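What follows is each chain in one-letter form.
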Amino acid sequence: ARGGALAVMHEELVQGETTTPADPGAIAEWVSDLRALTAASFVPWNDEAGAEHGLGEDEARTTLTIHLTDDDQTEVVQLGASDDDGVWVRRGDEG
């Protein structure tokens, strides 16, 4: 993959093979800040649009995976290219 990956699970940060303790308060604030963001625009998904915005297969700059509970619930956010309007984002496999 082109970008990095960061997973947040059970109060740990996992990046590649490295696991470090996470501050639960900081993670909660971070997730809250992410939830408060709003989309500037929506682009219908297709492979061409994904590639154009840095979100094509294996092109995302970063993939953030948040394991929401002790269950298998996860939220995946991919960060693509940035421009004057912000950063292109794809949540999960929305398309």
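Residues numbered from 1 in each chain as written. Predicted model: local features only at pLDDT ≥ 70, side-chain atom pairs only at ≥ 80, totals over all residues. Heavy atoms only, no water.

## Some remarks on the overall build of the protein
Helices and strands together make up the secondary structure of the protein, namely 2 helices and 6 strands. Helices and strands appear in the protein in the N-to-C order β-β-β-α-α-β-β-β. Looking at the protein as a whole, 21% of its 95 residues are labelled buried. Sequence-distant contacts in the protein: of pairs separated by 6 or more residues, those separated by 24 or more amount to 38%. Carbon and sulfur atoms provide 48% of the accessible area of the protein, an area that totals close to 7,000 Å². (Helix = DSSP H or I, 4+ residues; strand = E, 2+ residues; numbered from the N terminus. Buried < 20%, exposed > 50% of the residue type's maximum accessible area, 1.4 Å probe, protein only. Contact = heavy atoms within 4.5 Å. Areas by Shrake-Rupley, 256 points an atom, 1.4 Å probe, with all protein chains shown as cover.)

## What to know about the environment of D83
Counting through the fold element by element, D83 comes out in strand β5 (residues 74–83). Of the residues examined, D83 reaches a relative accessible area of 39% and is grouped as partly exposed. C-alpha of D83 to C-alpha of H53: the two residues are 30 residues apart in sequence and 9.3 Å apart in space. Within polar-contact distance, the side chain of D83 engages the backbone nitrogen of D85 at 2.9 Å. At 3.0 Å, the side chain of D83 forms a polar contact with the side chain of W88. (Polar contact = N/O pair within 3.5 Å; in protein donor to acceptor, adjacent residues only side chain to side chain.)

## What to know about unusual backbone geometry
One non-glycine residue, D58, adopts positive backbone phi at about 60°. Tracing the sequence through the fold places D58 in the loop between α2 (47–52) and β4 (62–67).

## Some thoughts on a nonpolar patch on the surface
A grouping of W30, L34 and L37 is seen on the molecular surface, where their side chains present a nonpolar patch of about 290 Å² in accessible area. In this structure, W30 sits in helix α1 (residues 24–36). (Patch = residues over 30% accessible without salt bridge, like charges linked within 9 Å, V, L, I, M, F, W, Y side chains within 5 Å. Salt bridge = Lys/Arg side-chain N within 4 Å of Asp/Glu carboxyl O.)

## Points about the nonpolar core
Nonpolar side chains in soluble globular proteins tend to be buried together. Judged by nonpolar contacts, A22, I27, V31, L64 and I66 together constitute the single largest core of 5 residues. Breaking this core down by element, the ones donating at least two residues are α1 and β4. (Core = buried A, V, L, I, M, F, W, Y, C linked by side-chain atoms within 4.5 Å.)

## Things to note about the pairing of strand β6 (residues 86–91)
Where β5 lies against β6, 5 bridges are found, and the strand directions are antiparallel. Bridged to S82 within β6 is V87. Hairpin connection of β5 to β6: 2 residues between the antiparallel strands. (Pairing = 2+ DSSP bridges.)

## Examining the side chain of H53
Relative to the elements of secondary structure, H53 occurs in the loop between α2 and β4. Aside from chain neighbours lying at most four places away, what touches H53 is V43, G80, A81 and W88.

Treat this as a map of the structure, not an account of what it does.
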